[in-house]
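# Reading the structure
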Amino acid sequence: MSLPLEGRSAIVTGAGRGLGRAEALELARLGAAVVVNDFGQPGRDGSGAASATPAEEVAAGIRAAGGRAVAHTGDVADHQQARELVELAVAEFGQLDILVNNAGILRDRMVFSMSEDEWDSVIRVHLKGHFNTTHFAAAHWRVRSKAADAPVYGRIVNTSSEAFLAGSAGQPNYAAAKGGIVGLTTSTALALAKYGVTANVICPRARTRMTADVFAGFQEPAGDGSEDRLDPLAPEHVAPLVGYLASPAAAHVNGQLLVVHGGMVAVVERPRVAAKFDTKQDAFTYDELDALLTPHYADRPTGETFAAAEVLGLKHE
């Protein structure tokens, strides 16, 4: 019996550690040949010298287990290096079938304290990094589809965050970047559907180098003989969903947002129009808007915004 991704090739960015590593290993387990990308800087804020070691170690581990993998140590936020990443996948494996965008950094600060560089660097790695790889992968699939005069196989899995859904007061740069990734994903899903490509986005929650302080001591398996239990916040809870979205079974899943962690997957519904108001004149006036909107918001709970904070309460039952 063949594996679901046998004969497919994949790129996983930020795959030297944490979520990306777990995702790369899962895609390889499901039969895909994998380009393991990681710039290799040690600091979760993108600081420190770049290193080839994280990506090369994961690629070596895949090969040792009988899979096919090659390391790429470029910076996906650099347009040319993102091009080279896609070209490497095509050169090594004949074509690209799956793109998983995961690379990111954190530079947390309240909005009134955040520097321009702290804003720019996070937007660059997360949002521009997602765009760069998507751009070159999409061009590859479009050319192949036109040459074949038929749809091809293409899967994009992007990484957003509950920080975008629920709002995160100390992460305006990160929340904005992750919100932008959702917009990029839904736009890409519509643009590439005719070529046979799907694009979906996940909001994972996991204990990684980036979230070590956030989840320190939180929900770890108790020291009561249950040490063999998987940590509820282990990245391995996220990786199977990525494998599924990358597979033929998910051919009809496109432009969707899913929250995943700890043995739970939640499908998030798109926003709905809660109320609609029409002017009784040619155009609204201040007084008319005051008469309509002020009563509408008067009885709303204090602090309720467009943010969906309830997602933070989702858990495996």
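So, here's what we can say about the structure. Keep in mind the model is a prediction, meaning the values are calculated, not measured.

### What to know about the side chain of D97
Counting through the fold element by element, D97 comes out in the loop between α3 (79-93) and β4 (98-100). Exposure remark for D97: the relative accessible area of 0% places this residue in the buried category. Side-chain polar atoms of D97 contact the side chain of Q95, separated by 2.8 Å. When sequence neighbours within four positions are dropped, the list of residues in contact with D97 reads G7, R8, S9, W141, R144, Y153, G154 and R155.

### As for the pattern of salt bridges
Taken as a whole and judged by the stated rule, the model has 10 salt bridges. Between D97 and R8 there is a salt bridge, and its shortest N-O distance comes to 4.0 Å. On the criterion of sequence distance, the pair formed by D97 in the loop between α3 and β4 and R8 in the segment before β1 (9-12) is long-range, its members being 89 residues apart. Taking relative accessible area as the criterion, R8 reaches 25% and is therefore assigned partly exposed. Taking the shortest distance from any N to any O, the salt bridge between R124 and D75 comes out at 2.8 Å. With R124 in helix α4 (residues 116-148) and D75 in the loop between β3 (69-72) and α3, this residue pair connects regions lying 49 residues apart in the sequence. For R124, a relative accessible area of 33% translates into the label partly exposed.

### Quick look at the nonpolar core
Core analysis: the largest hydrophobic core is formed by 32 residues, its most contacted members being L27 and V36. Residue assignment for this core shows that the elements contributing at least two residues are β1, α1 (18-29), β2 (33-37), α2 (53-64), β4, α7 (239-245) and β7 (257-261). With near-sequence residues (within four places) excluded, L27 lies in contact with L5, A10, V12, A32, V34, I98, V100, V242, G243 and A246. By size, the runner-up hydrophobic cluster in this structure holds 25 residues, among which are L96, L99, F136 and I156.

### Observations regarding the sheet that holds β4
One key point about sheets: their strands pair by backbone hydrogen bonds, in either a parallel or an antiparallel sense. Ordered by their spatial adjacency, 8 strands build an open sheet running β3-β2-β1-β4-β5-β6-β7-β8, and the pairing between neighbours is mixed. This sheet does not close on itself; its edge strands, each paired only once, are β3 and β8 (264-268). Put simply, the sheet's adjacent strands are angled 20 degrees from each other on average, direction ignored. For strand β5 (residues 154-159) and strand β6 (residues 197-204), the ladder comprises 6 bridges, and the chain directions are parallel. Directly across from T159, in β6, lies its bridge partner I202. Along the sheet face, α4 touches β4, β5 and β6 and points at about 175 degrees away from the line of β5. Relative to the sheet, helix α6 (residues 172-192) contacts β5, β6 and β7, its axis offset from that of β6 by approximately 160 degrees.

### Comments concerning α2
An ideal rise of 1.5 Å per residue puts 16 Å on 12 residues; α2 measures up with 16 Å between its terminal C-alpha atoms. Taken together, the buried positions of α2 are P54, A55, V58, A59 and I62. An end-on view of α2 places all buried positions within 125 degrees of arc, on one side of the element. In this structure, α2 carries E57 and A64 as exposed residues pointing more than 90 degrees from its buried face. Those residues of α2 that are buried lie in contact with α1, β2 and β3. A positive phi of about 100 degrees marks G66, the residue just after α2.

### Describing α3
In an α-helix there are 3.6 residues to a turn, and that puts residues three or four apart on one side. For α3, spanning 15 residues, the distance from its first C-alpha to its last is 22 Å, which sits close to the expected 21 Å at 1.5 Å a residue. Inspection of α3 places A82, L85, V86, L88, A89 and F93 among the buried residues, and these make up the whole buried set. What you see down the axis of α3 is that its buried residues fit within an arc of 150 degrees, all on one side. Where α3 is buried, its residues contact β1, β2, β3 and α4. For α3, the N-terminal cap is D78; the gap from its side-chain oxygen to the backbone nitrogen of Q80 is 3.1 Å. Just downstream of α3, G94 is the residue with a positive phi angle, here 90 degrees.

Each value, and the rule that gives it
- Residues numbered from 1 in each chain as written.
- Predicted model: local features only at pLDDT ≥ 70, side-chain atom pairs only at ≥ 80, totals over all residues.
- Heavy atoms only, no water.
- Helix = DSSP H or I, 4+ residues; strand = E, 2+ residues; numbered from the N terminus.
- Buried < 20%, exposed > 50% of the residue type's maximum accessible area, 1.4 Å probe, protein only.
- Polar contact = N/O pair within 3.5 Å; in protein donor to acceptor, adjacent residues only side chain to side chain.
- Contact = heavy atoms within 4.5 Å.
- Salt bridge = Lys/Arg side-chain N within 4 Å of Asp/Glu carboxyl O.
- Core = buried A, V, L, I, M, F, W, Y, C linked by side-chain atoms within 4.5 Å.
- Pairing = 2+ DSSP bridges.
- Axes fitted to C-alpha atoms, helices over the stretch in contact; angles between N-to-C directions.
- Expected span 1.5 Å × (residues − 1).
- Arc of directions from axis to C-beta.

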